[in-house]
Amino acid sequence: AAFNWQEISFGVGCPANRTICNVGNSLMFLNMEGIWVFNGSEPVCISTEYNELFENINSNWVQNACAVYLKNEDAYVVSFPINGSSVNNKTLAIYKSGKCAIWEGFEPSCYSEADIDGQHYYFMGDNYSHINHFNIGVVDGLGVNLSATLNTTTTQGTNTIIVARGGGTLGE
């Protein structure tokens, strides 16, 4: 098969290739300036409200960033290293509704999803040989206080609750 490569954007790159996700008819990805959406013509930064967060991305380890598109929740979840960390210590979830949540307290190194026996599952791997099943919920009807539950598979069989802080909206 022959491939015809064509450069479609100048000046916007993706040093974190594991953050590229197909989101409907667009692609979403992380670069050093924030979260971008590419709809086939020109990439647009959708996270300008959170510029201070992206100013602290560790450029030496950004290639370890990872993301997943949670189809059932219609959310793009991206984890990346900040403030000198070599592991992904900050996670941002952006919902189609415009709501946003910032999570701390876990260090994802990869995401995956699977349909098992009619149920849809999301998984997160970390640097400590843990595989975690997680789901995301909304605490109140306004979608402001978001939470995530991680059901951790380890030798100790622990469960961890991660509570999001923030809950602001992203401009469209």
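Before reading further, recall that the structure is shown in the block above.
Keep in mind the model is a prediction, meaning the values are calculated, not measured.

J.: Kindly report on the sheet that holds strand β4 (residues 43-45), identifying the contributing residues and their values.
T.: If you trace the four strands from one edge of the open sheet to the other, you get β1-β2-β3-β4, paired in antiparallel fashion. Each end of this open sheet is capped by a strand with a single partner; those strands are β1 (21-23) and β4. Sheet twist, expressed as the average angle between the axes of neighbouring strands with direction ignored, equals 35°. Across three bridges, strand β3 (residues 34-38) lies against β4 in antiparallel orientation. Note on β4: the bridge partner recorded for Phe38 is Pro43.

J.: Residues and numbers for the environment of Ser109, please.
T.: Mapping Ser109 onto the fold places it in strand β9 (residues 108-116). For Ser109, a relative accessible area of 16% puts it in the buried group. Sequence spacing of Ser109 and Asn88 is 21 residues, and the spatial spacing of their C-alpha atoms is 6.7 Å. Non-local contacts of Ser109, meaning those with residues more than four positions away in its chain, are made with Arg18, Asn64, Cys66, Asn88, Gly125, Asp126 and Asn127.

J.: Any details on the sheet that holds strand β5 (residues 66-70)? Residues and values, ideally.
T.: Across a sheet, strands are paired by hydrogen bonds formed along the backbone, either parallel or antiparallel in direction. Ordered by their spatial adjacency, four strands build an open sheet running β5-β6-β7-β8, and the pairing between neighbours is antiparallel. Among the strands making up the open sheet, the edge pair consists of β5 and β8 (100-103). Neighbour-to-neighbour, the strand axes of the sheet open up by a mean angle of 15°, direction not taken into account. For strand β6 (residues 75-80) and strand β7 (residues 90-95), the ladder comprises six bridges, and the chain directions are antiparallel. In the strand pairing of β7, Ala75 is matched with Tyr95.

Cut-offs used in this document
- Residues numbered from 1 in each chain as written.
- Predicted model: local features only at pLDDT ≥ 70, side-chain atom pairs only at ≥ 80, totals over all residues.
- Heavy atoms only, no water.
- Pairing = 2+ DSSP bridges.
- Helix = DSSP H or I, 4+ residues; strand = E, 2+ residues; numbered from the N terminus.
- Axes fitted to C-alpha atoms, helices over the stretch in contact; angles between N-to-C directions.
- Buried < 20%, exposed > 50% of the residue type's maximum accessible area, 1.4 Å probe, protein only.
- Contact = heavy atoms within 4.5 Å.

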